[in-house]
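This is what each chain is made of:
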Amino acid sequence: MILHILLLVVGLGIVIAGAESLVRGASSLAKRWGVSSLVIGLTVVAFGTSMPELVVNLFSAFQGNADLAIGNVIGSNIANILLILGISALLVPLTVQRSTVWKEIPFALLAVVLVFIMGNDVLLDGAAVDLLSRTDGVLLVSMFIIFMYYTWGIARRQSESSPDTAEIRQYRSGFSGLLIIAGLGALFFGGKMIVDNAVALAVLAGMSEALVGLTIVAIGTSIPELATSVVAALHKQNDIAVGNIVGSNIFNVFWILGLTSTILPLPFHADISVDVGVAIAATLTLFTVMFVGKRHTLQRWQGALLLVGFAAYLLFIVVRG
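Rules used throughout
Residues numbered from 1 in each chain as written. Predicted model: local features only at pLDDT ≥ 70, side-chain atom pairs only at ≥ 80, totals over all residues. Heavy atoms only, no water. Helix = DSSP H or I, 4+ residues; strand = E, 2+ residues; numbered from the N terminus. Rg over C-alpha atoms; globule rule 2.2 N^0.38 Å. Buried < 20%, exposed > 50% of the residue type's maximum accessible area, 1.4 Å probe, protein only. Contact = heavy atoms within 4.5 Å. Lys, Arg positive; Asp, Glu negative; His and termini not counted. Charge placed at Lys NZ, Arg CZ, Asp CG, Glu CD. Salt bridge = Lys/Arg side-chain N within 4 Å of Asp/Glu carboxyl O. Core = buried A, V, L, I, M, F, W, Y, C linked by side-chain atoms within 4.5 Å. pLDDT = per-residue confidence, 0-100. Phe/Tyr/Trp six-rings, centres within 6.5 Å; stacked < 30°, edge-to-face > 60°. Expected span 1.5 Å × (residues − 1). Axes fitted to C-alpha atoms, helices over the stretch in contact; angles between N-to-C directions. Parallel < 35°, antiparallel > 145°, perpendicular 65-115°, else oblique. Left-handed = near helix turned anticlockwise from the far one by under 90°. Nonpolar A, V, L, I, M, F, W, Y, C, P; charged D, E, K, R; others polar.

Participant: Tell me about the overall build of the protein chain, and name the residues and values.
Facilitator: Across its full length, the protein chain carries 12 helices and 4 strands. Against the compact-globule benchmark of 20 Å for 321 residues, the protein chain has a radius of gyration of 19 Å, which places it among compact chains. If you line up the protein chain on its principal axes, its C-alpha atoms span 55 × 45 × 40 Å. For the protein chain, buried positions account for 53% of its 321 residues. When contacts within the protein chain are restricted to residue pairs at least 6 apart in sequence, those whose partners lie at least 24 apart make up 85%. If you average the places of the 16 positive and of the 17 negative side-chain charges in the protein chain, the two averages end up 16 Å apart.

Participant: Explain unusual backbone geometry to me, using residue names and the numbers behind them.
Facilitator: At His296, a position not held by glycine, the phi torsion is positive, near 60°. Its place among the elements puts His296 in the loop between helix H11 (270-289) and strand E4 (297-298).

Participant: How would you summarise the pattern of salt bridges if you had to cite specific residues and measurements?
Facilitator: One pass over the structure, following the stated rule, counts 2 salt bridges. Between Arg24 and Glu20 there is a salt bridge; the shortest N-O distance is 2.6 Å. In this pair, Arg24 and Glu20 both sit in helix H1 (residues 2-33), 4 residues apart, roughly one turn of the helix. Its relative accessible area of 33% is what places Arg24 among the partly exposed residues. Take Glu20: its relative accessible area is 24%, and that puts it in the partly exposed class.

Participant: Quick one: what's the story with the nonpolar core, residue by residue and with numbers?
Facilitator: Of all hydrophobic cores here, the largest spans 64 residues; its most connected members are Ile70, Ile74, Val253, Phe254, Met290 and Leu298. Mapped by element, the contributors of at least two residues to this core are helix H4 (66-91), helix H5 (98-119), helix H7 (134-161), helix H9 (209-234), helix H10 (238-263), H11 and helix H12 (300-320). Sort the elements by how many residues they give to this core and H4 lands first, with 13 residues. Not counting residues up to four positions away in its chain, the partners in contact with Leu298 are Leu85, Ala89, Pro93, Leu94, Val289, Met290 and Leu306. In terms of nonpolar packing, the next biggest core, distinct from the first, is built from 10 residues, Ala19, Ala26, Ile180 and Ile223 among them.

Participant: Could you give an account of the environment of Met118, naming the residues involved and the relevant values?
Facilitator: Positionally, Met118 belongs in helix H5. Through-space distance from the C-alpha of Met118 to that of Arg172 is 46 Å; in sequence the pair is 54 residues apart.

Participant: Which residues make up the confidence of the model for the protein chain, and what are the values?
Facilitator: Caution applies to low-pLDDT regions: their predicted coordinates should not be interpreted in detail. With 91% of its residues at a pLDDT of 70 or more, the protein chain shows a mean pLDDT of 84. Within the protein chain, no element has a lower average pLDDT than helix H2 (residues 37-49), which sits at 68, and none a higher one than H11, at 94.

Participant: Explain the packing of aromatic side chains residue by residue, including any values.
Facilitator: Scanning the entire structure with this criterion turns up 11 aromatic pairs. For the ring pair Phe144 and Phe251, a centre distance of 5.1 Å and an interplane angle of 85° mean the geometry is edge-to-face. Separated by 107 residues along the polypeptide, Phe144 in helix H7 and Phe251 in helix H10 bring together distant segments of the chain. For the pair shown, Phe144 and Phe251 are each scored as buried. Put simply, the rings of Phe107, Phe144, Phe147, Tyr150, Phe251, Phe254 and Trp255 pair up and form one aromatic cluster.

Participant: Mind laying out helix H8 (residues 173-204), listing which residues take part and the relevant values?
Facilitator: Under the 1.5 Å per step criterion, the end-to-end length of H8 is 46 Å for 32 residues, consistent within 8% with the ideal 46 Å. Looking at the residues trailing H8, positive phi occurs at Gly206, about 80°.

Participant: Lay out the environment of Ile2 with the relevant residues and their values.
Facilitator: Among the secondary structure elements, Ile2 is positioned in helix H1. Residue class for Ile2 comes out exposed when judged on its relative accessible area of 72%.

Participant: Before we move on, can you summarise the packing of H1 against H8 with the specific residues and values?
Facilitator: Helix packing for two helices is described by the angle between their axes and how far apart those axes are. Relative orientation of the contacting elements H1 and H8 amounts to 155°, with a least axis distance of 6 Å. In this view, H1 runs roughly antiparallel relative to H8, as classed from their interaxial angle. Of the two elements, H1 crosses H8, and the hand of that crossing is left-handed. A breakdown of the residues in the contact of H1 with H8 according to their chemical character gives 24 nonpolar, 12 polar and 2 charged.

Here it is in structure tokens:
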């Protein structure tokens, strides 16, 4: 057990270093190429920090662990909003772009609503079982392609009309690319190290697969998002801090869960519907607080509110078992 704890701490250090490298490289490229930080946060950074979820879900799909695969994605989305944005906003109030408020956050909401609809076949269609089928998976992946097309459109419009004016340290393109690659690699290997050892500790404690997926694995695979968003917030890169989280939530559902259910249809149990409902509520809360207090800003007290919500959710699922 001591070895697992030690490796988990080492993995955390690797992830933090990777997040620092990724944010520096991505910010530099955004400035040099005239692409907004928001677009970089929604694509390169979001994809990179979602790699641990992708790895866990692909392993889960091939091994037939449906509860772990779905719990990992839904739990990560909940942790991203309630835990990570909560911590980031406590450190530095986060100003959110209008397009994120009115387009990306609603897109993330659509993602979890679709999962609820697709997963409740018995309730909505009178089917024999609840299942995320291969057809559902293909539809989710198709939505991901639409999102990527939309994001590319943002990049073109913003680079032409309103270039990014944030103060960002620039490196040569080659060095920036190396920083991004090194950061993604560190996030991948550090995240995997964290998850592997966290799961080993959870098994030693006798936790169920579903509970492991919603807690240890979900939080563990969200650590790259946490490290990246906190580092970005401290560097005053709010667009990356927020875009990373919103983009990761969209990636998690449309790309990772879509790809996973395309490989292997995933049974959708009743308890998961409750967790998807919490993800919907968390996303709605994020949208609502954009209009409470200082407009389009996630303030410190709102960050504290999100953290209280996450603590309450953790207590609920631990008691539920």
